[in-house]
Amino acid sequence: MAKAWYILHVYSGYENKIEKTIRMLIDSGELSRDIVTDVKVPAEEVAEIKDGKKRTVSRKILPGYILVEMDLPENGWKATCAIIRNITGVTGFVGSASNVKPVPITMEEVKRILQRTGELKGERQVHFRQTFTVGEQVKIIEGPFESFSGVIDEVNAEKSKIKVSVQIFGRSTPVEVDMAQVEKM
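What counts, and at which threshold
Throughout, a residue's number is its position along its own chain's written sequence, starting from 1. It should be noted that, the model being predicted, local features are given only for residues of pLDDT at least 70 and side-chain atom pairs only at 80 or more, the latter also being counted only at that level, while totals for whole chains, interfaces and linings use all residues. Hydrogens and water are ignored here; the side-chain numbers use all heavy atoms of the structure. DSSP bridges decide pairing: two strands pair if at least two such bridges lie between them. Secondary structure is summarised from DSSP: a helix means a run of H or I of at least four residues, a strand means a run of E of at least two, and numbering begins at the N terminus for each. Orientation is described by axes fitted as lines to C-alpha atoms, over the contacting stretch for helices, and by angles from 0 to 180 degrees between their N-to-C directions. Every helix has an expected span of 1.5 Å times one less than the residues it contains. For every residue, the accessible area (1.4 Å probe, protein chains only) is compared with the maximum for its type, and the residue is labelled buried under 20%, exposed over 50%, or partly exposed between those bounds. What the arc measures is the spread of directions leading from the helix axis to the C-beta atoms.

Colleague: Help me understand the sheet that holds strand E12 (residues 182–184), please; the structure alone is not making it clear to me.
Modeller: The strands making up a sheet are joined through hydrogen bonds of the backbone, oriented either antiparallel or parallel. On the basis of which strands lie adjacent, the open sheet formed by five strands has the order E11-E10-E9-E8-E12 and antiparallel pairing. One side of each edge strand has no neighbouring strand; the edge strands of this open sheet are strand E11 (171–178) and E12. The sheet shows a mean angle of 45 degrees between the axes of neighbouring strands, taken without regard to direction. Looking at chain direction, strand E8 (residues 137–140) and E12 are connected through three bridges and run antiparallel. Of the residues in E12, the one forming a bridge with Ile140 is Val182.

Colleague: When you look at helix H1 (residues 15–28) in this model, what are you seeing that I'm missing?
Modeller: Residue pairs three or four apart in sequence face the same way in an α-helix, which turns once every 3.6 residues. Counted at 1.5 Å a residue, the expected span for H1 with its 14 residues is 20 Å, and the 20 Å between its end C-alpha atoms agrees. Burial in H1 covers these residues: Glu15, Ile18, Glu19, Ile22, Leu25 and Ile26. Burial along H1 is one-sided: seen end-on, the buried residues are contained in an arc of 120 degrees. Every exposed residue of H1 that faces more than 90 degrees away from the buried side is listed here: Lys17, Lys20, Met24 and Asp27.

Any functional reading would require information that these geometric values do not contain.
In structure tokens:
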């Protein structure tokens, strides 16, 4: 027996409710703390600009899925999995049929998901809900070029930066700004 993470497929929108239900089953003793050790609904912070104001909201990374850390024994795993599968809103474990032992995901996948949520140290970035495309008109709303307007020349989603051509002293000048500093016109 070794701890591993499993992905549980659930009805979309029921992730938090099912996480609470699993935690209640652990607290009540129906699910053993030795077998089911953790439950997570992976979410990341996403910055969005609405009405000219930047705000950060939490967005589920895997809508319709929950991570469950379990230490499934060779004998008796069916009872634990049956309790979890019988929760309203659960459709089953990803990668296995109802009478087959669930298959865990790799540690590399777990690491990548937990880095996105910010639970593991790594290159965690705040992602932007608003998308920008080359050729689009934008207005810079903060920074040294505030109130300038221009056309997007380049989009770098990984770094959350865009290059905008603005008119300064009658010349087109490329300016690199953060996505949070602009809004679409």
